Amino acid sequence: MPIVIEKLTHTYQNGSVNAFTALKDISLTISDGEFVGLIGHTGSGKSTLIQMLNGLMQPTEGRVTVDGFDMNDKKQRAKGRALVGMVFQYPDHQLFDETVYKDISFGPKNMKLNEEEIDKRVREAMRLVGLDFDEFAEKSPFELSGGEKRRTALAGIIAMYPKYLVLDEPMAGLDPAGRRAVLEMIDDFRRQLGCAVIMVSHSMDDIARSAEKVVVLRKGEIFRCGTPQEIFSLSDELREMGLEPPFAARMAGELRRRGMDLPKDIYTNEALVKALAEIKGGAHV
Amino acid sequence: MFKDITLGQYFPVDSPVHRLDPRTKIILLIMYIVMVFIVKDLWVFALVIGFMLFMTAMSRVPLSYVIKAIKPMKWLLPIMFLLNLFMVRTGTELFSWKFITITTGGVRQALFIVLRLVALVSGASLLTLTTTPVSLTEGLERLLSPLKIVRFPVHELAMMMTIALRFIPTLLEEADKIMKAQLARGADLENGNIFKRAKAMLPILIPLFVNSFRRADELALAMESRCYHGGEGRTRLRVLKFSRGDLAALLIMAAMLTAVILLQRFLPFDHQIAAFVKGLLGVGK
Ligand SMILES: Nc1ncnc2c1ncn2[C@@H]1O[C@H](COP(=O)(O)OP(=O)(O)O)[C@@H](O)[C@H]1O
Ligand SMILES: [Mg+2]
């Protein structure tokens, strides 16, 4: 069963002079196992939208149902929330316990799992995020490096085996190698746990690599929703919104402009390389 | 959640009261408080209230904002009123039934307590409504600067206050984010007895403290790297200026205070009126 967002509208400080409508009439469905990329300018409402997905905020109008659980209903919310794992931008907002092991087990403990199951899940989660158990399990989360903190925070959510994994700019502030590592990790969980992923990112390249569906928010409204192909062929519109299309799409566009005959649906580096190799190979023959 | 709390309730409009030097306003408030306490006569009190309303009108702050400041006392005021009404037994007896006795002294005292509290709180809130927290601490620093002679750390205290005020909204926002991060991991903050709930706050308080200490460290470093070394020899961006308006305001207030003291001394209206009313009703001798 999917996550269904129906006619969702949210106004901050509703009724006061500072009222601000951050989301307007959003309808969207996220199916099982799907990888959804959410992009938009800063302030377009991305963070607001994903906090609705596990009921951390209630919309002013409309509703979200997670596998049939109505997130506006206080009783059903807890059940829905257990299905949605939420990773926030800053691990510093989440890490608190004495050791990495204890911190990761906080979520599973709240799910009232037994010791054995918790231990199994913590080890599994640490393996998935690439934290060596013997080295890190007994370390304090406060003496880790930035990248290790982020891995620990991710592991804390993964150990809950969410059916939907929601990530708010999970790669912000990481170096390119770190970004790639996190992205590969996310692909890994998805394969191993079979969960759906909803990822907010500023980097079109990251979205282009993994997403099956791309949602573009503009000023609180869904501007476009479609396959990466459909979205990234709209380079000009994206640029107008202050978003940078993926490198490969920009490159292909530039080459086309200079008279090279490239297909219009190129948006990943792999596709670009392949197309170029074909042309080059063709010229030689 | 936490973000809805408004602090530093400054009401941003331009008015003669807003333009007054913060030092003037602090002195005015002190004189006003003295006035509220020396008044012992209901008629003279009407004058004080009238003055308060006049200042509010001058400041162009809607009266409703001043009244909002009194709202938190909606339980305290009636309790104080009733306690004084029943407990104070001076003057003539007005009403007596079983163990309840109401006297003229009790009525007076009860009225005065309520009026004084309302006058004090609305006066203080008018100060914070018309003065930004930063200029308030600046005014305080300058007023207290004579204490430097006895090595009282006036500048440091004012700087601490400014920093604290600056970081309160940041801290509230952060508390909100941390709370959401832990709720998303299934933290249960609402159920259980008081000990359980106190313990459930730990995952929120620990990151909040850790982040605050880190932030304090960074701030200290940033200040030192810009050559901050305490108050000595430090010049100001905005130099406080004592204008003619300030002088006028202080003179008016001084005149008010003198008038109140004199009226209090030579015109005991209350007693005359009481005698007059009693004479009309033909009671008491
Ligand atoms: N608690 C809040 N109160 C008022 N306005 C808010 C609050 N949180 C966010 N906003 C506003 O809502 C808009 C959307 O914010 P957000 O969802 O964080 O955007 P994004 O994640 O896309 O950058 C922004 O304009 C922001 O200023
Ligand atoms: Mg955001």
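Residues numbered from 1 in each chain as written. Chains lettered and ligands numbered in written order. Predicted model: local features only at pLDDT ≥ 70, side-chain atom pairs only at ≥ 80, totals over all residues. Heavy atoms only, no water.

Moving on, we come to helix 5 (residues 76-87) of chain B. Quick reminder: α-helices carry 3.6 residues per turn. Residues three or four places apart thus point the same way. Residues and elements named next belong to chain B. Look at helix 5: 16 Å from first C-alpha to last across twelve residues, which is about the 16 Å you get at 1.5 Å a residue. Residues of helix 5 that are buried include every one of Leu77, Asn84 and Leu85, and no others. On an axial view of helix 5, the arc spanned by its buried residues comes to 100°, and they lie on one face. (Helix = DSSP H or I, 4+ residues; strand = E, 2+ residues; numbered from the N terminus. Expected span 1.5 Å × (residues − 1). Buried < 20%, exposed > 50% of the residue type's maximum accessible area, 1.4 Å probe, protein only. Arc of directions from axis to C-beta.)

With that settled, the discussion passes to the domain arrangement of chain A. Size of an interface: often given as the accessible area lost when the parts come together. If you check the domain split of chain A, you get domain 1 (1-83 + 162-243), domain 2 (100-161) and domain 3 (246-285). For domain 2 of chain A and domain 3 of chain A, the distance between their C-alpha centres works out to 43 Å. (Domains from an automatic or database assignment.)

Here we take up the sheet that holds strand 7 (residues 164-168) of chain A. Residue and element names in this part refer to chain A. Strand order across the open sheet formed by six strands is 6-7-8-3-9-10, with mixed pairing between neighbours. The sheet is open, and its two edges are formed by strand 6 (84-87) and strand 10 (221-226), each paired on a single side. Pairs of neighbouring strands in the sheet enclose a mean axial angle of 15°, with direction left out of account. Sheet analysis places strand 3 (residues 35-40) next to strand 8 (residues 196-200), joined by four bridges and oriented parallel. Counterpart to Leu38 in the pairing with strand 8 is Val200. (Pairing = 2+ DSSP bridges. Axes fitted to C-alpha atoms, helices over the stretch in contact; angles between N-to-C directions.)

Quick look at empty space enclosed by the protein now. Counted according to the given criterion, the structure contains three cavities of 30 Å³ or more. In this structure, the largest cavity spans a volume of roughly 180 Å³. Lining the largest cavity are 13 residues, and of these Leu28(B), Leu29(B), Met55(B), Gly123(B) and Leu126(B) lie nearest its centre. Put simply, the parts of the chain that give the lining of the largest cavity at least two residues each are helix 2 (22-38), helix 3 (42-59) and helix 6 (104-130) of chain B. Each residue belonging to the lining of the largest cavity can be placed in one class, and the counts come to ten nonpolar, two polar and one charged. By volume, the second largest cavity amounts to about 50 Å³. Val87(A), Phe88(A), Gln89(A), Tyr90(A), Pro91(A), Arg150(A), Ala153(A), Leu154(A), Pro170(A) and Val182(A) are the residues that line the second largest cavity. The greatest single-element share of the lining of the second largest cavity, amounting to three residues, is contributed by helix 7 (residues 146-158) of chain A. (1 Å grid on protein atoms, 1.4 Å probe; cavity = no way out; pocket = protein on both sides within 12 Å on 5 of 7 lines; lining within 4 Å. Points joined across faces, edges and corners; volume = space filled by probe spheres on them. Nonpolar A, V, L, I, M, F, W, Y, C, P; charged D, E, K, R; others polar.)

The subject of this paragraph is the pairing of strand 9 (residues 213-218) of chain A. Residues and elements named next belong to chain A. Burial analysis of strand 9 places five of its six residues in the buried class, the great majority of the element. By the bridge criterion, five bridges tie strand 3 to strand 9 in an arrangement that is parallel. Across the sheet, residue Val36 finds its bridge partner in strand 9, namely Lys213. Where strand 9 and strand 10 come together, five bridges link them in antiparallel fashion. Residue pairing in the sheet places Arg218 in a bridge with Glu221 of strand 10. Count of turn residues in the strand 9/strand 10 antiparallel hairpin: two residues, of which Lys219 carries a positive phi of about 50°.

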